[in-house]
Every structure is written in C-alpha cells, then in structure tokens.
Amino acid sequence: MHHEPLSLPRRVRFVELNAKALRALADGDLAGGSAEAGVALDEHFVCDRARWIFGYRADQLAEDPSAAPWITRAAVSEPDGAVVGDAGFHGPPDEAGMVEVGYTVVPGYRRQGYARAMLRALLVRAAAEPGVRTVRARIGSDNTASLATIAGFGFTRVGEQGNERDGLAIVFEVPADAIRAERRTASADVAGDPVGP
Ligand SMILES: CC(C)(COP(=O)(O)OP(=O)(O)OC[C@H]1O[C@@H](n2cnc3c(N)ncnc32)[C@H](O)[C@@H]1OP(=O)(O)O)[C@@H](O)C(=O)NCCC(=O)NCCS
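Lay out the environment of glutamine 112 in plain terms, naming residues and giving numbers.
Of note, glutamine 112 is situated in the loop between strand S4 (98-105) and helix H4 (114-127). Residue classification places glutamine 112 among the partly exposed residues on the basis of 14 C-beta atoms within 10 Å. Counting along the chain gives 104 residues from glutamine 112 to leucine 8, while the straight-line C-alpha distance between them is 9.8 Å.

Shown next, in the form of structure tokens:
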C-alpha cells in the first residue's frame, strides 16, 4: 500500500532574525526583513500582531544582547526551503534555568506537522544547553491547535494564569533532563525519532 509522504515528520531549520531584521519587520518592511534574514519571509511576518511582537523583540535585544541566541527565528522547511513560521524562546534561561517557547505557523502551512517540528527543534536546542532545567509553554485555554501541538512531548500542567484582557492561559512545563533522557534513548535506537511525536 502507498503511504502519503505527508505522514512523514516535518523537518525545519532556524534562521536568525537579527536586530535589523526584527526592526525592519516591526516597521512593516518585508523586503528589508527578508534581505537581512537571507530568506524570503512570508507576508504573515508583517501582519499587525507579528509587527508588534518583532518590535518587542527588537527592543528586548537592544536592552539585552545576550538574548540573541534565544529569541524568535524564522523556521525554514527542509529540504524545500519554504519559510513556514517563526519560533524561539522568550529570552535566555532565567535564574531558575527556565526557558519559555513560542511559535507561529504561517496560515498556509498549518495542519501539516510544522508546529510539532518547530517545537521538537526548540526542545532539542533547549536540552543542548546545560544551564536549562525546565522548558515552559503558556497556552490560551481555548487554543486547541497549540494544546494539541504540545501533546506527547512530556509537558505537564503546572498552573494557570489569567486576566480579563487576555483570558485564561494554562502553564505547562517539561524538565530538560526528561528531554535529554529521551534523546539518549532515541540515539541508541538509531531509527527512532528523537523527542516527542
Ligand atoms: C498553534 C499552531 C502553531 C499550530 O500549527 P500547525 O503547524 O498547524 O500544527 P501541527 O500541524 O504541527 O499540528 C499539531 C497538532 O495540532 C492539531 N491542530 C492543528 N491545528 C488545529 C486546529 N485548528 N484545531 C484542532 N487541532 C489542530 C493537529 O491536528 C496536530 O494534532 P494531531 O497530531 O493530534 O492531529 C498554529 O495554529 C498557529 O500558528 N496559531 C497561531 C499562533 C499560536 O497560537 N501560537 C501558539 C501560542 S501558545
């Protein structure tokens, strides 16, 4: 029987969005942001919400250059090279060794496994850093797609946060050691798909 290649796990690589790229995107300059990033970014990178977030990240970087290796990157699908979204951490590990993930998939690429691929890559990145102890995901209680995305990666619910403006968010965490242990098991079983579903 023939199996559709779509059922194969997706693979992504990350491309840095430096301070100039972030500032260009915040200004709505897609061509400038793409030129700085070295990849053709999608229109979704200059939608209102994205512009606000990239502006926030540009300010964060100006204040704390050590955040550069952690914050939002463009996610490029491998091997075809399409920019399918952005993903990263909210910043470097805090004093407790916690990093928080964030991700968005470009609307035209949703429901094809890219969020899972991006999350898998973020977890691998976090686990590779000895100072990281915990990876956190904060997800709106009505964000079905994001709640489904983290399923199977070992996250457990540790609390909730909310206010009237933003609604209820559920806080999930996974210990970095659990990710490291899973990666060791997966590399012993060469055919295994490391980290999560
Ligand atoms: C959440 C988001 C990143 C998911 O991206 P995606 O690439 O479509 O997700 P995937 O294809 O990897 O799917 C992951 C899981 O979510 C499920 N899913 C995706 N979209 C869904 C939807 N709209 N409704 C229900 N389930 C959904 C998939 O079926 C899959 O679960 P399954 O394997 O059990 O079937 C995307 O919808 C998005 O960018 N939303 C806006 C930004 C956002 O909410 N970011 C997260 C903030 S916490």
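Describe the confidence of the model for the protein chain, with residues and values.
Caution applies to low-pLDDT parts of the model: their predicted coordinates are not meant to be read in detail. Summing up the model confidence of the protein chain, the mean pLDDT is 93 and the portion of residues at 70 or higher is 92%. Here residues 1-6 scores under 50 on pLDDT; set against residues more than four positions off or in separate chains, the count is one contact.

Report on the environment of arginine 184, specifying residues and quantitative values.
In this structure, arginine 184 sits in helix H6 (residues 176-188). For arginine 184, a count of 11 C-beta atoms within 10 Å puts it in the exposed group. Sequence separation between arginine 184 and methionine 118 is 66 residues; the distance between their C-alpha atoms is 20 Å.

About the cut-offs
Residues numbered from 1 in each chain as written. Predicted model: local features only at pLDDT ≥ 70, side-chain atom pairs only at ≥ 80, totals over all residues. Helix = DSSP H or I, 4+ residues; strand = E, 2+ residues; numbered from the N terminus. Buried ≥ 20, exposed ≤ 12 C-beta atoms within 10 Å, placed from the backbone. pLDDT = per-residue confidence, 0-100. Contact = placed C-beta atoms within 7 Å.

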